[in-house]
Amino acid sequence: MILRRRSGGTWTPGQAPEHAGPAPTPGSGIDPGAGDGPPPHFAEGPADVLLQRLELTVRRRLDGLLQGDHLGLVPGSGSEAGDSRTYHPGDDVRRMDWPVTARTQVPHVRETIADRELETWAVVDLSASLDFGTAACAKRDLAIAGLAAVSHLTVRGGNRLGAVVTTGERVDRYPATAGRLAADRLLRAVVATPRAAGGRRGDLAAAIESLRRPPRRRGLVVVVSDFLGSDVQGPADWERPLRGLGARHELLAIEVVDPRELELADVGLLTVVDPESGQTLEVPTGDAEFRARFAAGAAAQRQAIAAGLRRAGAGHLQLRTDRDWLMDVVRFVADRRRAGSGGASR
């Protein structure tokens, strides 16, 4: 169930609840007024200006903290044969160059040249459940910011970026094109996507399935969503098509989360609305036992989402509206870079 408003007041998406004050969410690691702050609220100003500000923020943080050659989100050793070199302990024995080893009587391994031309497809879920936020920003704004970070990390050296954007009412497809200008046009188009009307459930599974037929060139598929279609008693509807994509592509799932979806604050009687079904309930948040059951159910749901993503073979990056989202991206990419030659290869 998604929180939409509180009796006697409002929780506007992208704004902190009235009782929260200026203090940061405990455990968020965010000091109000410090750092780069949340992503911009795209509904409050010109998209070009806001996207330019977001790009400058992303470039400063990622370029400054991730020094070295660009490896993208899925670094690998490549498949094109390169030069041979002397074997060193720890080298992959599957790369042994046996002809050179036999000729020189010294163990050699064959290096490979990585193909850095990458085609990335992003499935962006902008259904009604993303039009919500009780911390530093709305989930929709954070989803667009996550797409902007993926764009910055992948659109270099001839790499191409395309997108499938779903709201539940419409599906917009943008072909994969190369270049920063094309990526900027794509981001502006995603920002301009109309918000879905309430009472219409999104169809993330259909959007993911649309990338399987016709088959596309091997590359990277990024799914940006809150994945709230998950069922703790069975696989979510998006899991099967995602596993099908995983047989051909590298997968990255960016899960967008708001803290009020994980636990409820004690604010008395709360009116909650599921924006994708229109169902309204009165929730007694003053009941400690009820809050505990809600937290347990939410934790089980998130565990089911994480398990489904693991079964699909997807990397899992969680972005929260109450955390430094760019630092979460930095940590994730740094971990993938450290995996280096031991990670997934294209």
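Each value, and the rule that gives it
- Residues numbered from 1 in each chain as written.
- Predicted model: local features only at pLDDT ≥ 70, side-chain atom pairs only at ≥ 80, totals over all residues.
- Heavy atoms only, no water.
- Phe/Tyr/Trp six-rings, centres within 6.5 Å; stacked < 30°, edge-to-face > 60°.
- Helix = DSSP H or I, 4+ residues; strand = E, 2+ residues; numbered from the N terminus.
- Buried < 20%, exposed > 50% of the residue type's maximum accessible area, 1.4 Å probe, protein only.
- Pairing = 2+ DSSP bridges.
- Axes fitted to C-alpha atoms, helices over the stretch in contact; angles between N-to-C directions.
- Salt bridge = Lys/Arg side-chain N within 4 Å of Asp/Glu carboxyl O.
- Expected span 1.5 Å × (residues − 1).
- Core = buried A, V, L, I, M, F, W, Y, C linked by side-chain atoms within 4.5 Å.
- Contact = heavy atoms within 4.5 Å.

Attention now goes to the packing of aromatic side chains. Applying the stated criterion to the full structure yields 1 aromatic pair. Taking the centre distance of 5.0 Å and the plane angle of 65 degrees together, the rings of Phe227 and Trp238 count as edge-to-face. Within this pair, whereas Phe227 is found in the loop between strand S8 (220-225) and helix H6 (239-246), its partner Trp238 is found in the loop between S8 and H6, the two being separated by 11 residues in sequence. Per residue, the accessibility class of Phe227 equals that of Trp238, and both read buried.

Right, let's talk about the sheet that holds strand S6 (residues 160-166) for a bit. With mixed pairing, the 6 strands of this open sheet are ordered in space as S7-S6-S5-S8-S9-S12. Among the strands making up the open sheet, the edge pair consists of strand S7 (171-178) and strand S12 (315-320). Each neighbouring strand pair of the sheet contributes to a mean axis angle of 15 degrees, computed without reference to strand direction. By the bridge criterion, 6 bridges tie S8 to strand S9 (residues 250-257) in an arrangement that is parallel. For Val222, the partnering residue across the bridge sits in S9 and is Leu252.

Turning our eyes to something else, we now look at the pattern of salt bridges. For the structure shown, the criterion picks out 22 salt bridges. Where Glu111 meets Arg85, a salt bridge forms, and the shortest distance between an N and an O atom there is 2.9 Å. Taken together, the residues span a long stretch of sequence, with Glu111 in strand S4 (residues 108-113) and Arg85 in strand S3 (residues 80-86) at a distance of 26 residues. Since its relative accessible area comes to 32%, Glu111 is described here as partly exposed. Glu239 is the partner of Arg311 in a salt bridge, and the nearest nitrogen-oxygen pair spans 2.7 Å. Residue Arg311 is located in helix H7 (residues 288-312), and its partner Glu239 is located in helix H6; the two are separated by 72 residues in the primary sequence. We classify Arg311 as partly exposed; its relative accessible area is 44%.

A word on helix H4 (residues 180-191). With 12 residues, H4 ought to run about 16 Å at 1.5 Å a step, and its terminal C-alpha atoms sit 17 Å apart, in line with that. Listing the buried residues of H4 in full gives Ala182, Ala183, Asp184, Leu186, Leu187, Val190 and Val191.

Moving on to the pairing of S8. For S8, the tally of buried residues reaches 6 of 6 residues, placing the bulk of the element in the interior. The pairing of strand S5 (residues 119-125) with S8 spans 5 bridges and is classified as parallel. Looking across to S8, one finds that Ala122 is bridged to Val222.

The biggest cluster of nonpolar side chains holds 44 residues, and the ones touching the most others in it are Ile254, Trp325 and Val329. It is helix H3 (residues 139-154) that contributes the most residues to this core, 9 residues altogether. In this view, Ile254 contacts Gly146, Val150, Val222, Val223, Val224, Ser225, Phe227, Leu317 and Leu319; residues no more than four positions away in its chain are not counted. In terms of nonpolar packing, the next biggest core, distinct from the first, is built from 22 residues, Val123, Ala207, Ala253 and Ala312 among them.

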